[in-house]
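# Structure at a glance
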Amino acid sequence: MSVNRHPRLLTAGITFRDLVISGIDELPGLGEERYGTDFVTTWGGVANTARIGASLGARVQLLTGLGDDPNSEMCRRELTEWGIDLTPSPINPGWTLPVTMSQACGTERAMTTVETALPAPLPAPNLDGVDVIVTHVSVPADAWLHDAADAGIPVIADHGFEEGYEPGLLDAVSGCTCYTPNAAEAMHLTGADDPVRAARALAERVPVVVVTCGGDGIVGVDSRTGEEVHVPAVNINPVNTTGAGDAALAGLAWCWGWQVPLARKLDVAALVGAIVTSRVHGTAGPLTPEDVLAWVPRAPERLGFLPELLG
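This is a predicted model, so every value here is computed, not measured. Residue positions are counted from 1 within each chain, in the order its sequence is given. Confidence filtering applies because this is a predicted model: local features only for residues at pLDDT of at least 70, side-chain atom pairs given and counted only at 80 or more, and all residues used for totals across whole chains, interfaces and linings. Hydrogens and waters are ignored; side-chain quantities use all the structure's heavy atoms.

Adjacent strands of a sheet pair through backbone hydrogen bonds, lying either parallel or antiparallel. A pair of strands counts as paired when DSSP detects no fewer than two bridges linking them. Only DSSP runs of H or I with at least four residues qualify as helices, and only runs of E with at least two residues qualify as strands; both kinds are numbered from the N terminus onward. On the basis of which strands lie adjacent, the open sheet formed by 4 strands has the order 3-2-7-8 and mixed pairing. Across the chains shown, the open sheet's two edge strands, defined by having one partner strand only, are strand 3 (38-45) and strand 8 (108-114). Taking the axes of each pair of neighbouring strands and ignoring which way they run, one obtains an average angle of 20 degrees across the sheet. We call two residues contacting when some pair of their heavy atoms lies within 4.5 Å. The axes are straight lines fitted to the C-alpha atoms, using for helices just the contacting stretch, and the angles between their N-to-C directions are given from 0 to 180°. Sheet strands touched by helix 2 (residues 70-81): strand 2 (15-22), strand 3 and strand 7 (99-105). Its angle to strand 3, the strand with the most contacts, is close to 85 degrees.

Here is the structure:
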């Protein structure tokens, strides 16, 4: 079976300058100082998805806000070196790229961010030839996203609400192809008491729902085909979870067009997220198809379909 290993992927959302300390044995409380083992500077937010997607082989365009500050200039230069096309991304004079400090401790992390809102919405991009869109959807959603989904371009949408639920979120994601909340978000939105029921309820609004459940794996429901799956988490030693969800989105988008069951696509997404989580530098370094294939011997029953597709 042949697959498109180089889909054209459009990633849309906010990019952050990430400063990540990992290897902390316990997150500090007020007035405490803790010591980590590693420090890395990288580009977070939607840029995580763009970079991992590009290193997997996707042809990636990034639609994000950039300023005229040094971080924005560095971001444009470094992401271009990764092979990412930033042509769709406008420059906003006087605006500065948001910065996040992340402290990673096992499966947990704590983050502090300095951010000001973009002075103008992101412009509608040219969608000619785009195979898949991945976005951190705004509320309300940009009209072009729903238009793209209506035109048959898969739109994979994420939208966390760590700081509180935004009214209108369900309307925003309902016009997309796939919504990827975590378990807590899905249960909050639906009032369901477990992720599976929450995914089923959300699938009445969104064609495909993918609920990430941390160490309990991923739940997926495709209301178009009737598929309902629960794939386990990949067994790894977590080192740095910063950006793992963004990386899993990249894996899902990369394999979205493969003619394989939903469970196999979620296996790819789970594996990509796990590999990133197991690395000290997280998403800061590339993750290639060869890195993915290297994990097949560890779970041949689950991942044995990959060499035929990627070999």
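So, next bit.
What follows deals with the packing of helix 7 (residues 244-255) against helix 8 (residues 262-277). Here helix 7 crosses helix 8 at 145 degrees, and the two axes come no closer than 7 Å. The hand of the helix 7/helix 8 crossing is right-handed. Mapping the contact onto sequence places Ala244, Ala247, Ala248, Gly251, Leu252, Trp254 and Cys255 in helix 7 and Lys265, Leu266, Val268, Ala269, Val272, Gly273, Val276 and Thr277 in helix 8. For this classification, Asp, Glu, Lys and Arg are treated as charged, while Ala, Val, Leu, Ile, Met, Phe, Trp, Tyr, Cys and Pro are nonpolar and the rest, including Gly, are polar. Its residues assigned to classes, the contact of helix 7 with helix 8 comprises 11 nonpolar, 3 polar and 1 charged. Each crossing is labelled by how the near helix is turned from the far one, with a counterclockwise turn of less than a right angle marking it left-handed and a clockwise turn marking it right-handed.

Bringing the packing of aromatic side chains into the picture now. For Phe, Tyr and Trp, rings pair up if their centres lie within 6.5 Å, where Trp contributes its six-membered ring, and each pair is then called stacked (planes under 30 degrees apart), edge-to-face (over 60) or tilted (otherwise). For the structure shown, the criterion picks out 1 aromatic pair. A ring pair is formed by tryptophan 254 and tryptophan 258, whose centres lie 5.2 Å apart and whose planes are at 65 degrees; its orientation type is edge-to-face. The aromatic ring of tryptophan 82 is capped on one face by arginine 51, whose charged end is 5.2 Å from the ring centroid. Comment: the charge-over-ring label is applied if NZ (Lys) or CZ (Arg) is within 6 Å of the ring centre and within 35 degrees of the ring normal. Above the ring of tryptophan 256, the side-chain terminus of lysine 265 is found at 5.5 Å from the ring centroid.

Here we come to the pairing of strand 8. Where strand 7 lies against strand 8, 7 bridges are found, and the strand directions are antiparallel. Note on strand 8: the bridge partner recorded for valine 99 is valine 114. Count of turn residues in the strand 7/strand 8 antiparallel hairpin: 2 residues, of which glycine 106 carries a positive phi of about 60 degrees.

Moving on, we get to the side chain of threonine 283. Residue placement: threonine 283 occurs in the loop between helix 8 and helix 9 (289-293). In protein, a polar contact means a hydrogen-donor-capable atom and an acceptor-capable atom, both N or O and within 3.5 Å, with residues adjacent in sequence counting only if both atoms are side-chain atoms; elsewhere, any N or O pair within 3.5 Å suffices. Side-chain polar atoms of threonine 283 contact the side chain of asparagine 48, separated by 2.5 Å. Contact partners of threonine 283, with chain neighbours within four places excluded, come to Asn48, Arg51, Ile52, Trp82, Thr242, Gly243, Ala247 and Val276.

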